[in-house]
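Take a look at the letters that make up each chain.
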Amino acid sequence: MADVILETATQASPIEPAPRPRRSALAKLLRNRSALIGGAIVLVFVLMAVLAPLLPLADPLKSNFLAIRKPPSELHWFGTDELGRDQVSRLFYGAQTSLLAGIVSVLIALAIGIPFGLLSGWYGGWIDIAISRVTEAMLACPFLILAIAFAAILGPSLTNAMIAIGLSAVPIFIRLVRGQVMSVKAEDFVEGARAVGARDLRIMFVHVLPNTMSPIVVQSTLFMAQAIILEASLSFLGLGQQPPSPSWGQMLNVAKNFMEQAPWMSVAPGIAIFLAVLGFNLLGDGLRDALDPKEG
């Protein structure tokens, strides 16, 4: 009798197929052509930086006074500079400088911005007021001017330029993290963690911070583009990478003196900066669309 009832119930209400799982962030990212183009551009520059010591390139620091300001040729694809150094070699090694500046600057900004943003958003009160006022004061100063000020105080070098760029970006990440924390801390799972006796530090770093990582990752990718521009700007002004070490901004600084005699000296580093910034911006926009839960 039970078998008959079970068979009848099965025929009357067939099992509904399980709903299709929502597309993962990776799948959405792979469907975004702009993001793929940006990722491909970034990958090219990463390979340039990594493979520079392994490729049969000319020494980027070795001068050749018999090949000063030579135009592009089969031997020197992008020509040579004012000391006869190969532009292709300096372009590849300059990619190391730009990517290193971007990565280190982002890490410095995250290392300072995330803890202060967590404290400000979680505790509120006078802690939030104090951190917010300092953040607003820093944001009131133009980003480039703030970076130049820090670099001038610390002294001209690539290390100090990276520190200056990272410090200039700290208020951006503090404000971002603060806003995300204030939104997440009102969720039910946070109240549940409090109910079982979890301490504030555990809730902040185990429950709250992981749920704020999506916008942080997007902002970090977009800031990489700004860091590359800032490093080039500081090197152009003599506050970044110091000669004879190659840097795209430093290459432009030298090229500006020979625009009439050797215009090719400015083409390669200018295009490299443009493409690197474009690549990180396209990739960042793609990540933002892929990680946005409102997108389909």
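Since the model is a prediction, treat every value here as computed from it, not as a measurement.

Rules behind the numbers
Residues numbered from 1 in each chain as written. Predicted model: local features only at pLDDT ≥ 70, side-chain atom pairs only at ≥ 80, totals over all residues. Heavy atoms only, no water. Helix = DSSP H or I, 4+ residues; strand = E, 2+ residues; numbered from the N terminus. Buried < 20%, exposed > 50% of the residue type's maximum accessible area, 1.4 Å probe, protein only. Contact = heavy atoms within 4.5 Å. pLDDT = per-residue confidence, 0-100. Phe/Tyr/Trp six-rings, centres within 6.5 Å; stacked < 30°, edge-to-face > 60°.

1. As for the side chain of Ser-220
Following the sequence through the fold, Ser-220 ends up in helix H10 (residues 213-236). Its relative accessible area of 10% is what places Ser-220 among the buried residues. If sequence neighbours within four positions are ignored, Ser-220 has contacts with Val-106, Leu-110 and Phe-173.

2. Some points on the confidence of the model for the chain
Regions with low pLDDT should not have their predicted coordinates read in detail. Summarising the model, the chain shows a mean pLDDT of 84, and 91% of its residues fall at 70 or more. Confidence drops under a pLDDT of 50 for residues 1-22, and excluding neighbours within four residues, the segment shows 4 contacts in the predicted structure.

3. Considerations on the side chain of Ser-266
By secondary structure assignment, the location of Ser-266 is in helix H12 (residues 264-291). Filtering out sequence-adjacent residues up to four positions away, Ser-266 remains in contact with Leu-252, Ala-255 and Met-259.

4. Re the packing of aromatic side chains
Counting across every chain of the model gives 3 aromatic pairs. Look at Phe-45 and Trp-248: their rings are 5.6 Å apart centre to centre, the planes differ by 65°, and that puts the pair in the edge-to-face class. Of this pair, Phe-45 sits in helix H3 (residues 33-51) while Trp-248 is found in helix H11 (residues 248-255), placing the two residues 203 residues apart along the sequence. Judged on exposure class, the residue Phe-45 and its partner Trp-248 are both buried. Note on Phe-173 and Phe-223: the rings are 6.1 Å apart at their centroids and 85° apart in plane angle, and the pair reads as edge-to-face. Note that Phe-173 is positioned in helix H7 (residues 158-184) and Phe-223 in helix H10, a separation of 50 residues in sequence. An aromatic cluster is defined as three or more aromatic residues linked by ring pairs; in this entry it consists of Phe-143, Phe-173 and Phe-223.

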